[in-house]
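Structure assessment
Each chain is listed here by its residues.
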Amino acid sequence: MESGVEPIKVKKLEEPQWWKRIGQGLKEDVNRRFPYYLSDYTDGLKGKNTLHKVFAITLFLYFSILLPVIATGALNALFTNGQIGVYQLLMSEIIGGLSWTFLSGQPLVIISNSMVVAVYNKVIYDLAQNIEVDFLSLYACTGLWSSLFLVLYAIFNVSNIIKNLNRSIKEIYTCFVVLAFIKGAIGNTEKDFNERTRAESLFSILLMIGTYWLALKLLQIKSTQFFNGQIRELVADYAVPVAIISTSLVSNLLFQDMTLSTFEYNPDTRTSNFNFIDFTQLNLTGILVSGGLGFCLSIVFFMSQSVTMAMVDCPEHNLQKGSAYHWDLVVLALINGTMGMFGIPFLHAIIPHSPLQAKGLADTVQTEDGRIVITRVRETRIVNLLLHILFAISLLFLPYVLPYCPISVLSGLFLYLAYNALNSTQFYGRIKLFFSEKIAYPTYATEVPTRVLHTFTFLQIVQVVILSFFGFAPWPQVRMFFPLIVFLFFLFRQKVWPRVFKLEHLNVLDQ
């Protein structure tokens, strides 16, 4: 029998119009992160083992960032005819890094220079010569354009599109970084073979392998029965500094007759003064060209920030203070735009250093099935602060110390960083499953058909190959499209893969 009572209609909540959401992400980031600003400092000073972890990860980051920056600085000097070199990159690290420390929303992200930006510097320099304008003026204007685009991305909440990056995209980007480290190590070795005797070249390879092996063995001491747990953790935390210093001492004390390639740092007093760029040297053509370059560069910064922050803010790290995707784009825009006006190189978020900082500041427990689970991460600005203070102090003694550090040691560091980054991905584990018995498959791999598992992995391999072509192509004009390829891969994952794979399989393999 009908009751005569009409069912209550629930009114659907409508999404606010797009123009009402303008700036909403920025506002939410500030409201989310500002209340924790003071604790971002105090959390790096209190608690059991906190000071030890802060000091250990600071030293690790110091060596693993400083040496590549010096190497990249030499490459920039070559690309720009000495107008951007080692000194400029170091000052960029200090000024930009300290600014990021005080202004950023996510303190666990580290910004630095990279080979990708070095390639863009060469493109800007070559175009400046072609259209006959001053390089630094074109460079500064490009920085202003890229900063404008970054601010627009933040205001219009573009980060929401890729805020929750799938694991596959992060793994593809990580594998590209791994290949970049390996390519750098091979390039350094090739240089030694071209410039040194055969004996010196072979010794350089041994020094590279020795640095990598020693750092890796010291890191893995945590899983052995040597000493006690506290000493094992102490040794593992200082694996990289100990390996770099030890192999450098062995090279200089026991093999003095070997002449190896070393780092060179001779700041040119003619280019060490940072003056405000004269924009009047740009014509209309230069302004339009810098606009196009600025847009491409903004995509580089946007994708590197998004991928890095997603890797830092992943569920495994169990962060409590929240993210700041939009706000950090604005901060990066302010830093790069301002530094560019004085001819100081641009920076952006980097991996694997940023997620490694989170892991280095973490407390962990081992579960019954042997997995290591993070229970807490110290979300602090102290590491970034100490790191860039150390960079500033380094300016006083680098010219005297660097000649004693062989470049092959940097190659060993590259291999170590490549191993750490690759070993942290599920992708690497799934590649090994191509050659493993099914009985050895981990639990998650048994939840999907083997054919689906291998097809998914194969598609990732194809994407890594494509990305590597655009990232390592000998033509700078091709490398410019590298960030666009990353973004296209993201769209491909969102729109195409759900049509190829079942949703339940994607939830297992790519969440």
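For the structure itself, look to the data block above.
The numbers attached to residues start from 1 for each chain and follow its sequence in the written order. Local features in this predicted model are restricted to residues whose pLDDT is 70 or higher, and side-chain atom pairs enter the listing and the counts only when it is 80 or higher, whereas totals over whole chains, interfaces and linings include all residues. With hydrogens and water stripped out, all remaining heavy atoms of the structure feed into the side-chain values.

Right, let's talk about unusual backbone geometry for a bit. Cis peptide bonds are those with omega within 30 degrees of zero, and the linkage from Ile351 to Pro352 qualifies with 5°. The residue Pro352 is located in the loop between strand 2 (348-349) and helix 14 (353-360) in this model. One non-glycine residue, Asn81, lies in positive phi territory at about 55°. Note that Asn81 resides in the loop between helix 3 (50-79) and helix 4 (86-103). Note on classification: 1.4 Å probe, protein chains only; a residue is buried when its accessible area is under 20% of the maximum for its type, exposed when over 50%, partly exposed between these limits. Exposure remark for Asn81: the relative accessible area of 60% places this residue in the exposed category. Backbone geometry at Asn318 places phi at a positive 55°, although glycine is not the residue there. Elements are defined by DSSP. Helices are runs of H or I of four residues or more, strands are runs of E of two residues or more, and each kind is numbered from the N terminus.

What follows is about the side chain of Thr308. By the secondary structure assignment, Thr308 is in helix 12 (residues 284-312). Given a relative accessible area of 1%, Thr308 falls into the buried group. Whether two residues are in contact is decided by their heavy atoms, any of which lying within 4.5 Å being enough. Excluding residues that lie within four positions of it along the chain, Thr308 makes contacts with Val109, Ala349, Ile350, Ile351 and Ser354.

In the sections that follow, a salt bridge refers to a side-chain nitrogen of Lys or Arg positioned within 4 Å of a carboxyl oxygen of Asp or Glu. Taken as a whole, this structure holds ten salt bridges when the rule is applied. Across the salt bridge formed by Arg32 and Asp29, the nearest N and O atoms sit 2.8 Å from each other. Placement of both Arg32 and Asp29 in helix 1 (residues 24-33) is noted, with a separation of three residues, approximately one turn of the helix. Classification of Arg32 as partly exposed rests on a relative accessible area of 25%. On the basis of relative accessible area, Asp29 is assigned to the buried category, the value being 2%. A salt bridge links Lys321 to Asp43, with the nearest nitrogen and oxygen atoms 2.8 Å apart. A residue pair is termed long-range when its members are at least 10 positions apart, and Lys321 in the loop between helix 12 and helix 13 (325-340) and Asp43 in the loop between helix 2 (39-42) and helix 3 qualify at 278 residues. Under the relative-accessibility criterion, Lys321 is labelled buried at 7%. In this structure Asp43 comes out as buried when scored by relative accessible area, which is 17%.

The next thing to look at is helix 5 (residues 115-130). Its 16 residues give helix 5 an end-to-end C-alpha distance of 23 Å, which sits within 8% of 22 Å, the value for a rise of 1.5 Å per residue. For helix 5, the full list of buried residues reads Val117, Ala118, Val119, Tyr120, Asn121, Val123, Ile124, Tyr125 and Ala128. Backbone geometry just downstream of helix 5 places Glu132 in the positive-phi region, at approximately 60°. Here, expected helix span is obtained from the residue count minus one, scaled by 1.5 Å.

Moving on to the packing of aromatic side chains. Aromatic pairing here means that ring centres of Phe, Tyr or Trp (its six-membered ring) are within 6.5 Å. Orientation follows from the plane angle: under 30 degrees is stacked, over 60 is edge-to-face, and everything else is tilted. Under the criterion given, the structure shown has 24 aromatic pairs. Both rings, one in Phe135 and one in Tyr139, keep their centres 5.7 Å apart while their planes meet at 45°; by these two values the pair is tilted. On the criterion of helical spacing, the pair formed by Phe135 and Tyr139 is a turn pair, its members being four residues apart in helix 6 (residues 135-155). Using a relative accessible area of 0% as the deciding quantity, one classes Tyr139 as buried. Ring pairs connect the aromatic residues Tyr125, Phe135, Tyr139, Phe301 and Phe346, which therefore count as one cluster.

Now for the state of the cysteines. Pairs of cysteine sulfur atoms within 2.5 Å are what we label disulfides. Across all of its chains, the model carries zero disulfides by this definition. Summary of cysteine pairing: Cys175 is not part of a disulfide, and the nearest cysteine sulfur, belonging to Cys314, is at 16 Å. Take Cys175: its relative accessible area is 7%, and that puts it in the buried class.

Once that is clear, we can look at the packing of helix 9 (residues 198-220) against helix 17 (residues 407-423). At a minimum axis separation of 7 Å, helix 9 and helix 17 run at an interaxial angle of 40°. Considering their axes alone, helix 9 and helix 17 lie oblique with respect to each other. Once helix 9 is placed against helix 17, the crossing between them reads as right-handed. On helix 17, the residues that touch Ser204, Leu207, Met208, Thr211, Tyr212, Ala215, Leu216, Leu219 and Gln220 of helix 9 are Ser408, Val409, Ser411, Gly412, Leu413, Leu415, Tyr416, Tyr419 and Asn420. Amino acids outside the nonpolar list (Ala, Val, Leu, Ile, Met, Phe, Trp, Tyr, Cys, Pro) and the charged list (Asp, Glu, Lys, Arg) are all regarded as polar, and Gly is one of them. Classifying every residue of the contact of helix 9 with helix 17 by side-chain character gives eleven nonpolar, seven polar and no charged. Helix axes are fitted only over the stretch in contact, all axes being lines through C-alpha atoms; the angle between N-to-C directions runs from 0 to 180 degrees. Throughout, the term roughly parallel applies to angles under 35 degrees, roughly antiparallel to angles over 145, roughly perpendicular to angles from 65 to 115, and oblique to all others. Crossing chirality is assigned from the near helix's rotation relative to the far helix, an anticlockwise turn below a right angle marking it left-handed and a clockwise turn marking it right-handed.

Grouping into patches uses exposed residues only, defined as over 30% relative accessible area, and leaves out salt-bridged ones; the cut-off is 9 Å for like charges and 5 Å for nonpolar side chains (Val, Leu, Ile, Met, Phe, Trp, Tyr). Shrake-Rupley sampling with a 1.4 Å probe provides the accessible areas, and residues are treated as covered by the protein chains on show and by no other component. On the surface, Ile245, Leu249, Val250, Leu253, Leu254 and Phe255 cluster together into a nonpolar patch covering about 560 Å² of accessible area. Given the relative accessible area of 43%, Ile245 is considered partly exposed.

It is worth spelling out helix 12 at this point. Here helix 12 is 29 residues long and its end C-alpha atoms lie 41 Å apart, about the 42 Å a rise of 1.5 Å per residue gives. For helix 12, a buried count of 22 out of 29 residues is recorded, marking the element as mostly surrounded by other parts of the structure. A distance of 3.3 Å separates the backbone nitrogen of Thr285 from a side-chain oxygen at the start of helix 12, and that oxygen is part of Asn283. Pairing of N or O atoms within 3.5 Å defines a polar contact, subject to two protein rules: one partner must be a possible hydrogen donor and the other a possible acceptor, and residues neighboring in sequence count only if both atoms are side-chain atoms.

Everything listed is a geometric property; what it means functionally is a separate question.
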